[in-house]
Amino acid sequence: MPLPVGVYRADHVGSFLRPKAVLDAREKVDRGELTLEELRKIEDEHVAVVVEREVENGIQSVTDGEFRRAYFHIDFLQHLAGVERQGSLASTHAHTEGFTPPRVVVVGKLGHPNAIQVDDYNFIESRLSQAKAAAGVKHAATTKVCIPSPTMVHFRGGRESISTEAYPDLEPFFDDLVKVYQAELDDLYAAGCRFVQFDDTNLAYLCDEGMRKEAAARHGDPDQLTKQYAKLINAAISKRPKDLTIGIHLCRGNYRSQWFAEGGYEPVAEVLFKDLDVDVYFLEYDDARSGDFSPLRHLPENKIVVLGVMSSKKAELDDREEIIKRLHEAAKYCPRGLDQLCVSHQCGFSSTAEGNDLSEEQQWAKVRLEVEIAKQVWGADLSV
């Protein structure tokens, strides 16, 4: 069975360390010293560079590095009608420097007045062929678009973050949320996109004992919430064309090399693998807090897991032989073994603008090692 379109044996979650020029430009926008149009030009310049760097370092699923975002989710969600960013969330897993995640609130009826990611997708596409030519590569390379999962509008704030005036009852809220995601997928597909990845912290947080208790206080039974979220995501992607690949990345938090949740996938595994209608899972497996590989026994034969056994959180290179050993260990639980697996780092290198604690060169060295490992395990053609 071939890999889904846009998925490769050496893959990645999507974000890369932001160049200082982009970070400085964003600060100038905040101070009123630079317009959004001027920021866009600076972002364009550096996105073009990161596309080239991805291709020359062996990445075939190409993103814009999320250079146009401060957060992996906020910068998308705030473009939806009826959604605003207001303050920060209280968290039992606050960062040592006092960081807590931004709070998304629904203040009115949800809507999708304009395509959100299409311009960004088109820009990557306009640079991809040139990047391949410059690197002298002839292998496949495709554009991946990463957007936050629809669960990100509900999980952290719950009922209190959703206007009772706009939505006295939550059923119409979920119906409208599905519609805005369907509209965005329609727009991306029409533009030519064939792979969209949902980034979802919440299904991973529902594996953490402490966060399950918090979720129960906000939403009720966490097992039912898991099923509700699978139903929500399935509805959001239910109208996709057959040749549009959908992936989902489960993230336990990734801010300046710190994580926010722990616990194996067992509490959500059956729903995740058997009920969720996605093609590929990007799963964090970089250390002991991710649990063992046994939840992979629920993986159906027709699905792929990109196994995040490498770490984007640390500067040093992962041990090649240890990574290969862990890939073979995981394969024992998959119906078709290694054929159902790919390799990646557990998360992006910069889920927020601050980035993880490593240099750009260390980042690319880690990417090159990943590609070498994938070729050692699966052979030179990483698209099969």
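Because the structure is a prediction, the values reported are computed rather than measured. (Residues numbered from 1 in each chain as written. Predicted model: local features only at pLDDT ≥ 70, side-chain atom pairs only at ≥ 80, totals over all residues. Heavy atoms only, no water.)

**A word on the overall build of the protein**
Move 1: On a plain count of helices and strands, the protein comes out with 11 helices and 10 strands.
Move 2: Relative to its length of 384 residues, the protein is compact, with a C-alpha radius of gyration of 20 Å against a globular reference of 21 Å.
Move 3: Counting only C-alpha atoms, the protein reaches 55 × 50 × 45 Å along its principal axes.
Move 4: A total of about 15300 Å² of accessible surface is found on the protein, and carbon and sulfur atoms cover 48% of it.
Move 5: Looking at charge distribution, the protein has the averaged site of its 46 positive side-chain charges lying 2 Å from that of its 63 negative ones. (Helix = DSSP H or I, 4+ residues; strand = E, 2+ residues; numbered from the N terminus. Rg over C-alpha atoms; globule rule 2.2 N^0.38 Å. Areas by Shrake-Rupley, 256 points an atom, 1.4 Å probe, with all protein chains shown as cover. Lys, Arg positive; Asp, Glu negative; His and termini not counted. Charge placed at Lys NZ, Arg CZ, Asp CG, Glu CD.)

**Structural notes on helix 8 (residues 222-236)**
Move 1: Over its 15 residues, helix 8 runs 21 Å from end to end, which matches the ideal 21 Å to within 8%, given 1.5 Å per residue.
Move 2: Tucked into the core, helix 8 has its buried residues touching helix 5 (170-191), strand 6 (195-200), helix 6 (202-205), helix 7 (209-219), strand 7 (245-250) and helix 9 (269-275).
Move 3: You can read the cap of helix 8 off the contacts: a side-chain oxygen lies 2.9 Å from the backbone nitrogen of Asp223, and it is on Asp221. (Expected span 1.5 Å × (residues − 1). Contact = heavy atoms within 4.5 Å. Polar contact = N/O pair within 3.5 Å; in protein donor to acceptor, adjacent residues only side chain to side chain.)

**Considerations on the nonpolar core**
Move 1: Tyr281, Leu283 and Leu296 are the most contacted members of the largest nonpolar core, which has 83 residues in total.
Move 2: A per-element tally of this core places helix 5 first, with eight residues.
Move 3: Beyond its immediate stretch of four places on either side in the chain, Leu296 contacts Phe273, Leu283, Tyr285, Val305, Leu307, Ala330, Tyr333 and Cys334.
Move 4: One finds Val47, Val50, Ile59 and Ile124 within the second-largest nonpolar core, a separate group that totals 19 residues. (Core = buried A, V, L, I, M, F, W, Y, C linked by side-chain atoms within 4.5 Å. Buried < 20%, exposed > 50% of the residue type's maximum accessible area, 1.4 Å probe, protein only.)

**A word on the sheet that holds strand 9 (residues 304-310)**
Move 1: Taken in spatial order, the six strands line up as 5-6-7-8-9-10 in an open sheet, and their pairing is parallel. Of all the strands in the sheet, the pair left with one neighbour each is strand 5 (145-148) and strand 10 (341-345). Within the sheet, the average angular offset between the axes of one strand and its neighbour, ignoring direction, is 25 degrees.
Move 2: The sheet contact formed by strand 5 and strand 6 spans four bridges and is parallel. Directly across from Cys146, in strand 6, lies its bridge partner Gln197. (Pairing = 2+ DSSP bridges. Axes fitted to C-alpha atoms, helices over the stretch in contact; angles between N-to-C directions.)

**Thoughts on the packing of aromatic side chains**
Any aromatic ring pair is given by two values, namely how distant the centres are and how the planes are angled relative to each other.
Move 1: One pass over the structure, following the stated rule, counts nine aromatic pairs.
Move 2: Summarising the aromatic geometry, the rings of Tyr167 and Phe173 are spaced 5.6 Å apart at their centres and angled 75 degrees between planes, so their arrangement reads as edge-to-face. Accessibility classification places Tyr167 together with Phe173 in one group, the buried group.
Move 3: One Lys or Arg, Arg68, reaches over the ring of Phe123 and ends 5.2 Å from the middle of that ring.
Move 4: For Arg194, the ring lying beneath its charged end belongs to Tyr189, and the centroid distance is 3.6 Å. (Phe/Tyr/Trp six-rings, centres within 6.5 Å; stacked < 30°, edge-to-face > 60°. Lys NZ or Arg CZ within 6 Å of the ring centre and 35° of its normal.)

**What about the layout of surface pockets?**
Move 1: Taken as a whole, the largest pocket encloses approximately 920 Å³ of empty space.
Move 2: Lining of the largest pocket is provided by 34 residues; of these, Arg26, Glu43, Arg68, Arg69 and Asp75 occupy positions nearest its centre.
Move 3: When grouped by side-chain class, the residues that make up the lining of the largest pocket number 15 nonpolar, four polar and 15 charged. (1 Å grid on protein atoms, 1.4 Å probe; cavity = no way out; pocket = protein on both sides within 12 Å on 5 of 7 lines; lining within 4 Å. Points joined across faces, edges and corners; volume = space filled by probe spheres on them. Nonpolar A, V, L, I, M, F, W, Y, C, P; charged D, E, K, R; others polar.)

**What about the packing of helix 5 against helix 8?**
Think of two packed helices as two axes; the pair is described by the angle between the axes and how far apart they sit.
Move 1: Here helix 5 crosses helix 8 at 40 degrees, and the two axes come no closer than 8 Å. Viewed along their axes, helix 5 and helix 8 adopt a mutual orientation that is oblique. Between helix 5 and helix 8 lies a crossing of right-handed hand. Facing helix 5, whose interface residues are Phe174, Leu177, Val178, Tyr181, Gln182 and Leu185, helix 8 presents Gln228, Leu232, Ala235 and Ala236. (Parallel < 35°, antiparallel > 145°, perpendicular 65-115°, else oblique. Left-handed = near helix turned anticlockwise from the far one by under 90°.)

**Quick look at helix 11 (residues 360-378)**
Move 1: If you check helix 11, its first and last C-alpha atoms are 27 Å apart, about what 19 residues at 1.5 Å a residue would give, namely 27 Å.
Move 2: For helix 11, the full list of buried residues reads Gln363, Trp364, Lys366, Val367, Leu369, Glu370, Val371, Ile373, Ala374, Val377 and Trp378.
Move 3: Packing partners of the buried residues in helix 11 comprise helix 2 (36-56), strand 9, helix 10 (320-331) and strand 10.
Move 4: Two residues or fewer past helix 11, Gly379 is found with a positive phi of approximately 105 degrees.

**Here's the deal with the pattern of salt bridges**
Move 1: Within the structure shown, the criterion is met by 23 salt bridges.
Move 2: Its salt-bridge partner being Arg26, residue Glu43 comes within 3.4 Å of it at the nearest N-O pair. Here Glu43 is found in helix 2, whereas its partner Arg26 is found in helix 1 (residues 20-30), with 17 residues between them in sequence.
Move 3: Arg40 is the partner of Asp120 in a salt bridge, and the nearest nitrogen-oxygen pair spans 2.8 Å. (Salt bridge = Lys/Arg side-chain N within 4 Å of Asp/Glu carboxyl O.)

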